[in-house]
Amino acid sequence: MNGRRSSARLITLVIAVALTGALGYAFSNVRQGYEPRQPIAFSHKRMAGVPVMQTNDRGEQVNVGGFGIPCLYCHTMPYKGRHATLPSTAVCMNCHTNVGLNREWVLKMKAFWDRGEPIPWVKVHDLADFVYFDHSAHLNAKNADGTSKLPLVDAAGQPMVACQNCHGKVQEMDIVSVQQPFNMQWCLDCHRKPEIRASTDCITCHR
Ligand code: HEC
Ligand code: HEC
Ligand code: HEC
Ligand code: HEC
Ligand code: HEC
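The rules we used
- Every chain is numbered on its own, with residues counted from 1 as its sequence reads.
- Just so you know, chain letters begin at A and ligand numbers begin at 1, following the order they were written in.
- Totals for whole chains, interfaces and linings use every residue, but because this is a predicted model, local features are given only for residues with pLDDT of at least 70 and side-chain atom pairs only at 80 or more, for both listing and counting.
- Each side-chain value is worked out from all heavy atoms of the structure, with water and hydrogens disregarded.
- In this text, helices come from DSSP runs of H or I with a minimum length of four residues, and strands from runs of E with a minimum of two, each type numbered from the N-terminal end.
- Stacked, tilted and edge-to-face are the three classes assigned to paired rings of Phe, Tyr and Trp, where Trp is represented by its six-membered ring and a pair needs centres within 6.5 Å; plane angles under 30 degrees give stacked, over 60 edge-to-face, the rest tilted.
- Here, a charge over a ring is recorded when the distance from Lys NZ or Arg CZ to the ring centre is within 6 Å and its angle to the ring normal is within 35 degrees.
- For this analysis, a polar contact is any N or O atom pair within 3.5 Å, provided that within protein one partner can donate a hydrogen and the other can accept it, and provided that sequence-adjacent residues contribute only side-chain to side-chain pairs.
- Two residues qualify as a contact provided that any one of their heavy atoms is within 4.5 Å of a heavy atom in the partner residue.
- In this scheme, a residue with accessible area under 20% of its type's maximum is buried, one over 50% is exposed, and one in between is partly exposed, where area comes from a 1.4 Å probe on protein chains only.
- Neither His nor the chain ends is counted toward charge; the positive residues are Lys and Arg and the negative residues Asp and Glu.
- We define a salt bridge as a side-chain nitrogen of Lys or Arg found within 4 Å of a carboxyl oxygen belonging to Asp or Glu.
- Sites may look incomplete because water is not among the atoms; the donors themselves are N, O and S atoms within 2.8 Å of the metal, or within 3.2 Å for Na, K and Ca.
- Any site counts as irregular unless it has four donors with all angles between 85 and 135 degrees, making it tetrahedral, or four or six donors with opposite ones more than 155 degrees apart and the rest between 65 and 115, making it square planar or octahedral.
- One heavy atom within 4 Å of a molecule or strand makes the whole residue count as near it.
- The nonpolar class holds Ala, Val, Leu, Ile, Met, Phe, Trp, Tyr, Cys and Pro. Asp, Glu, Lys and Arg form the charged class, and all remaining residues, Gly among them, are polar.

Draft legend 1. Expanded view of the environment of Met173. If you trace the backbone, Met173 turns up in the loop between helix 8 (164-167) and helix 9 (184-191). A sequence separation of 128 residues divides Met173 from Lys45, and the C-alpha atoms of the two residues are 5.1 Å apart.

As structure tokens, then:
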């Protein structure tokens with residue numbers, strides 16, 4: 001890391017923002033609730049949610065809930081790298097070469113695959129380029145006793161995946177939406193918590 005170049009960039013950033021008077025934006029809440037439509041009606045609730053078994057009119061057991069696929073089956077990198085990564089269509093086709101081929105959206109997905117085109121997913125979370133964020137630094141952070149720094153139980157005391165701290169209950173969403181402000185104040189509020197005590201130096205996030 002070139003510290004001098006980073007601080008020069010940070011100073012330029014601060015001046016640029018002061019000139020445009022845009023600082024209020026850093027503390028604003030322009031993202032929470034953003035819920036873009038996707039090219040395929042992919043549902044986390046259906047793919048990653050809890051199963052709900054029902055007996056249909058032919059007396060068969062059918063799952064009308066979710067298939068409980070773990071987050072990391074599709075988002076393979078969050079413990080290892082900066083980015084969580086989206087799955088390639090090949091991951092979907094592990095199952096969908098023969099599952100759900102009577103479903104409209106599954107056929108649309110297969111059409112992308114057959115044409116050799118990636119599915120043009122719309123980004124839901126997208127921080128400005130001057131912010132440094134790293135999934136692995138968050139997910140691997142441990143307390144002195146080796147337990148996860150990010151809570152693994154929700155407000156009601158129920159176990160949860162670490163992702164939920166920032167992304168909310170994705171496994172209950174048909175369409176992913178931004179659940180938290182994702183602005184500077186939000187990052188700092190968590191970093192300042194006594195049980196978290198992560199760095200609040202400018203250079204931590206603006207390098
Ligand atoms: C079967 C594969 C699959 C599983 C399992 C899965 N996801 Fe996803 N996820 C996707 C795909 C495909 C997208 C892009 C489309 C969308 O946003 O809905 C996505 C998008 C997301 C996004 C938004 C990405 C962005 O653009 O900002 C988040 C956050 C996310 N997933 C979190 C989770 C979490 C948390 C879990 C586990 C509870 C999970 N996912 C399980 C496939 C999956
Ligand atoms: C582990 C197996 C598995 C993987 C991996 C998987 N799916 Fe599915 N998916 C299923 C099953 C099972 C169904 C239910 C099919 C049915 O109801 O006929 C389904 C249903 C669907 C549906 C139709 C939902 C509905 O009810 O109409 C869509 C769309 C879909 N999947 C998209 C995807 C995408 C996109 C990916 C990759 C990001 C993916 N799936 C990965 C197993 C999987
Ligand atoms: C400390 C908060 C935090 C936690 C915990 C977290 N994320 Fe994220 N996630 C973010 C931020 C911030 C972004 C936006 C990054 C950007 O735009 O540069 C993001 C973006 C994403 C994306 C979009 C692709 C990417 O990497 O930019 C996916 C997918 C995602 N997260 C999935 C997950 C999954 C799965 C987990 C749990 C294993 C998880 N996240 C845990 C904050 C978090
Ligand atoms: C839910 C709490 C939480 C939120 C929200 C959060 N962080 Fe963190 N952050 C942490 C924890 C925990 C650590 C790790 C501290 C440690 O290593 O002990 C950390 C560490 C970091 C680090 C240091 C990584 C390294 O390389 O050492 C960066 C950079 C960072 N966070 C950026 C961000 C940004 C940017 C945001 C907002 C978009 C954000 N964080 C939101 C809890 C959070
Ligand atoms: C924990 C991470 C974190 C730390 C520490 C941090 N910032 Fe930020 N900063 C952010 C995020 C996130 C944004 C919003 C980026 C966006 O809008 O996409 C931001 C935005 C900004 C902006 C641009 C405001 C705008 O209008 O978009 C400036 C200037 C800034 N930060 C300066 C600083 C200074 C100076 C410090 C040290 C006192 C600092 N930051 C510390 C995460 C951080």
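Draft legend 2. Representation of the packing of aromatic side chains within the structure. By the definition in use, this model includes two aromatic pairs. Taking the ring centre of Trp105 as reference, the NZ or CZ of Lys108 above it sits at 4.5 Å.

Draft legend 3. Just the side chain of His191, in detail. Mapped onto the elements of the fold, His191 is located in helix 9. Only 2.7 Å separates the side chain of His191 from the backbone oxygen of Ser199, close enough to count as a polar contact. Leaving out residues up to four positions away in the same chain, His191 has contacts with His138, Ile196, Arg197, Ala198, Ser199 and Thr200.

Draft legend 4. Region of interest: the side chain of Arg31. Mapped onto the secondary structure, Arg31 falls in the loop between helix 2 (23-26) and helix 3 (44-48). For Arg31, which is buried and forms no salt bridge, the nearest opposite charge comes from Asp126, at a distance of 7.6 Å. A distance of 2.9 Å separates a polar atom in the side chain of Arg31 from the backbone oxygen of Phe182.

Draft legend 5. Spotlight on the coordination of the iron atom of ligand 1. The coordination sphere of the iron atom of ligand 1 contains the protein donors His44 (NE2) and His75 (NE2), at a distance range of 2.0 to 2.1 Å. Geometry at the iron atom of ligand 1 is octahedral, judged from its six donor atoms and the angles of 87 to 179 degrees they form at the metal. You can see His44 sitting in helix 3 and its partner His75 sitting in the loop between helix 4 (71-74) and helix 5 (89-96), a full 31 residues away along the chain. Assessed through its relative accessible area of 22%, His75 is described here as partly exposed.

Draft legend 6. Structural detail: the environment of Cys92. Within the fold, Cys92 resides in helix 5. Separated by 17 residues in sequence, Cys92 and Met109 have C-alpha atoms that sit 8.8 Å apart.

Draft legend 7. Region of the structure containing the site of ligand 4. Every one of the 18 residues lining ligand 4 counts as a neighbour, but His138, Lys149, Cys187, Cys190 and His191 are closest to it. Take His138: an N or O atom from its side chain is 2.8 Å from a nitrogen atom of ligand 4. Separating a nitrogen atom of ligand 4 from a side-chain N or O atom of His191 is a distance of 2.8 Å. Going through the elements one at a time, helix 7 (135-139), helix 9 and helix 10 (202-205) are the ones with two or more residues in the shell around ligand 4. The leading source of residues in the shell around ligand 4 is helix 9, at four residues. Among the residues making up the shell around ligand 4, the classes are represented as 13 nonpolar, three polar and two charged.

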